[in-house]
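Chain by chain, the residues:
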Amino acid sequence: MKGFFSLLATVAILTVGVLYATAPSSQWEKMIKKGLKEVAKTLENEYKKQTKELEKKYTPNHKAPKVIPGSPSIKHNDRQLNPVWAELPEIVEGQNLVHKTYFTTLSSGERVRNYSICYDKSKMVSLWVAYPLHKIYTTPKIDRTDAWAFDDAITAYGEGGYDIIGYENTKPQIPQYLQPQVHKGGFNDGENRQLDRGHMLPSASRYNSWTTNAQTFYATNIFPQNARLNQQNWAEVENRTRESMCADTLYVVVGTLFENSTTFASRGRHITRPSHCYKLLLRTRSGNTGKNISEITDADELMAIGFLYENSSAGNVEPYKAVVSIAEVESRCGIKFFPNINPAIEKAVKEQKNITLWRAFR
C-alpha cells in the first residue's frame, strides 16, 4: 500500500513538470489543479479499498447459514442463545448475569457455535459454560494457542506467540474491567499460590482452528481453580469426556457453585472463588441415532452423568468418587439443565449416575 502511494506521488510530480515546461502559465495552472484533484480522488478510493479488504480479513463473517435441526452441529442463525441447542441450560435472568454465545469458523469454512456462557459480572466468573462436543471441533489437531485475552479478542500468530489484532465486540458486550486479567498471568499472584487459570471449556476440546481454540482462552471461560485439582483429576475427567464423544454429539455443561465462597484480589480485580466445580454430560446411548435430544421418548436411549468437585486440594478425588446425578446438581444451584429432554422421561434421565455406562470412565 505504501509503494502504491509513492508511485502515485512520483507520477504526479513528473506530470506537473511536463505541464510546466510545455503549456502557458494560465493553462498549466488549471491542468495542475485538475490533475491534483484526480490524484487525491484516486488515493481516497485506494484507501477505502484497502480498508474494506482489512475489515473483511479480520472481521468474521456473520452471514446466517440455514439451521438444520438434528445435525451434529446446529449452525449459527444469528440468535445469541438458540433454544434448539441441546446443551443450553434454562436461562435465568439476573442483574449481573450476561448470557452470550461465541461463534467460530472451522477449518472447513463452516460457521458454528463454539460455546455459550452465563457470566456473573459481580463474581467475574461464569456460572456455567455449555458446549457441544463432536469430532468436527477436535480435528484436524492444531497446536494449543495460549492466546489468553479478554472476551471477543481477535488473535493471530505473532512473534511472542500471539498478537491481539482487535476486538470483535459482539453483543451483549462484557466490559473488560469486569473480567479477570488472565492475559497478565494466573490468579496465583499475592497470596493465591494454589490457584490455576482453570478452563471451563477445555482447550484440548477445540483443536480444529486457531480461532476455535483461541476463544477457549477468553477470560469468561476461565475460573480460579485449585491447581492440584486442575492438573490431576479434573484433567482426567476432561480427557475421558473427550473419549466419550459420539456421532450424535455429546452435550456438556461445566459450572461453578458458590457455597461459603470468598472474594480475593488478583491483578486489580476482586474475584469470587467458587467453592465447587461440576461437569454434566448427556448423549444418546448408542451414539448414532441421528435424533435430536428432544425427539427421544425412551429414557433408556439416553445416558447422563455428572461430576462434582470441591474446589480444593482435598477435593482432588478420582472421577468415580465425584459422580453425581444431574438432578443433584440442579437442587444445589437452582438451574434447570438440558430442558430439551422430553418431560415424560426427564426425571429418569436426570437421576442417572451409572458410571459403568460410560466406557471411557470405567
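Refer to the structure presented above.
Residues numbered from 1 in each chain as written. Predicted model: local features only at pLDDT ≥ 70, side-chain atom pairs only at ≥ 80, totals over all residues. Heavy atoms only, no water.

Caption draft 1: Quick look at unusual backbone geometry. In the segment running from Thr139 into Pro140, the intervening peptide bond is cis, with an omega of -5 degrees. Among the structural elements, Pro140 can be located in the loop between α3 (135–138) and β4 (153–158). In this structure, the amide linkage connecting Lys171 to the following residue, Pro172, adopts the cis form with an omega of -5 degrees. Considering the arrangement of structural elements, one finds Pro172 in the loop between β5 (161–167) and β6 (195–199). The residue Asp146 is not glycine, and still its phi comes out positive at about 50 degrees. Mapped onto the elements of the fold, Asp146 is located in the loop between α3 and β4. The backbone phi angle of Phe338 is positive, close to 45 degrees, even though this residue is not glycine. Note on placement: Phe338 falls in the loop between α7 (326–333) and α8 (346–350). Residue classification places Phe338 among the buried residues on the basis of a relative accessible area of 1%. (Helix = DSSP H or I, 4+ residues; strand = E, 2+ residues; numbered from the N terminus. Buried < 20%, exposed > 50% of the residue type's maximum accessible area, 1.4 Å probe, protein only.)

Caption draft 2: Focus on the environment of Val252. Tracing the backbone through its elements, the reader meets Val252 in strand β8 (residues 250–257). Sequence separation between Val252 and Leu201 is 51 residues; the distance between their C-alpha atoms is 8.9 Å.

Caption draft 3: A look at the layout of surface pockets. Taken as a whole, the second largest pocket encloses approximately 310 Å³ of empty space. Along the wall of the second largest pocket there are 19 residues; nearest its centre are Arg144, Arg197, His199, Asn230 and Glu238. At the level of elements, β6, α5 (227–231) and α6 (233–242) are the ones that each hand at least two residues to the lining of the second largest pocket. A total of 5 residues in the lining of the second largest pocket trace back to one element, the largest contributor, which is β6. Grouping the constituent residues of the lining of the second largest pocket by class yields 6 nonpolar, 8 polar and 5 charged. (1 Å grid on protein atoms, 1.4 Å probe; cavity = no way out; pocket = protein on both sides within 12 Å on 5 of 7 lines; lining within 4 Å. Points joined across faces, edges and corners; volume = space filled by probe spheres on them. Nonpolar A, V, L, I, M, F, W, Y, C, P; charged D, E, K, R; others polar.)

Caption draft 4: Main features of the environment of Val125. Looking at where Val125 falls in the secondary structure, it is placed in strand β3 (residues 125–133). Note: C-alpha distance between Val125 and Thr220 (95 residues apart in sequence) is 6.6 Å. Apart from the residues lying within four places of it in its own chain, the contact partners of Val125 are Tyr119, Asp120, Phe223, Pro224, Thr256, Phe258, Ile271, Thr272 and Pro274. (Contact = heavy atoms within 4.5 Å.)

Caption draft 5: Up close: the sheet that holds β8. The 7 strands are arranged β1-β2-β3-β8-β11-β12-β13 in an open sheet whose pairing can be described as antiparallel. With partners counted over all chains shown, the strands left at the sheet margins are β1 (97–105) and β13 (323–324), one partner each. The strands that α6 touches are β3, β8, β11 (276–284) and β12 (302–310); relative to β11, the one it contacts most, it runs at about 10 degrees. Strand contacts of α7: β8, β11, β12 and β13, with the helix running at about 140 degrees to β11, the strand carrying the most contacts. (Pairing = 2+ DSSP bridges. Axes fitted to C-alpha atoms, helices over the stretch in contact; angles between N-to-C directions.)

Caption draft 6: Spatial organisation of the nonpolar core. In this structure, Tyr115, Tyr131, Leu281, Phe307 and Tyr309 are the most contacted members of the largest nonpolar core, which totals 44 residues. Broken down by secondary-structure element, the contributors of at least two residues to this core are β1, β2 (111–120), β3, β7 (222–226), α6, β8, β11 and β12. Ranked by size, the runner-up nonpolar core spans 31 residues in total, among them Leu280, Ile296, Ala299 and Val329. (Core = buried A, V, L, I, M, F, W, Y, C linked by side-chain atoms within 4.5 Å.)

Caption draft 7: Structural view of the packing of aromatic side chains. Enumeration over the complete set of coordinates arrives at 9 aromatic pairs. Judged by centre distance (4.8 Å) and plane angle (85 degrees), the rings of Trp148 and Phe217 are edge-to-face. Remark: Phe217 occurs in the loop between α4 (210–214) and β7 and Trp148 occurs in the loop between α3 and β4; sequence separation between them is 69 residues. Taken together, the ring pairs connect Tyr102, Tyr115 and Tyr218 into an aromatic cluster. Lying over the aromatic face of Phe258, Lys123 brings its terminal NZ or CZ to 5.2 Å of the ring centre. (Phe/Tyr/Trp six-rings, centres within 6.5 Å; stacked < 30°, edge-to-face > 60°. Lys NZ or Arg CZ within 6 Å of the ring centre and 35° of its normal.)

Caption draft 8: Structural context of the pairing of β1. With 8 of 9 residues buried, β1 lies mostly within the body of the structure. Of the strand pairs in this sheet, β1 and β2 are connected by 9 bridges, and their pairing is antiparallel. Counterpart to Lys100 in the pairing with β2 is Ile117. Connecting β1 to the antiparallel partner β2 that follows it, the hairpin turn spans 5 residues, and Gly109 within it adopts a positive phi of roughly 95 degrees.

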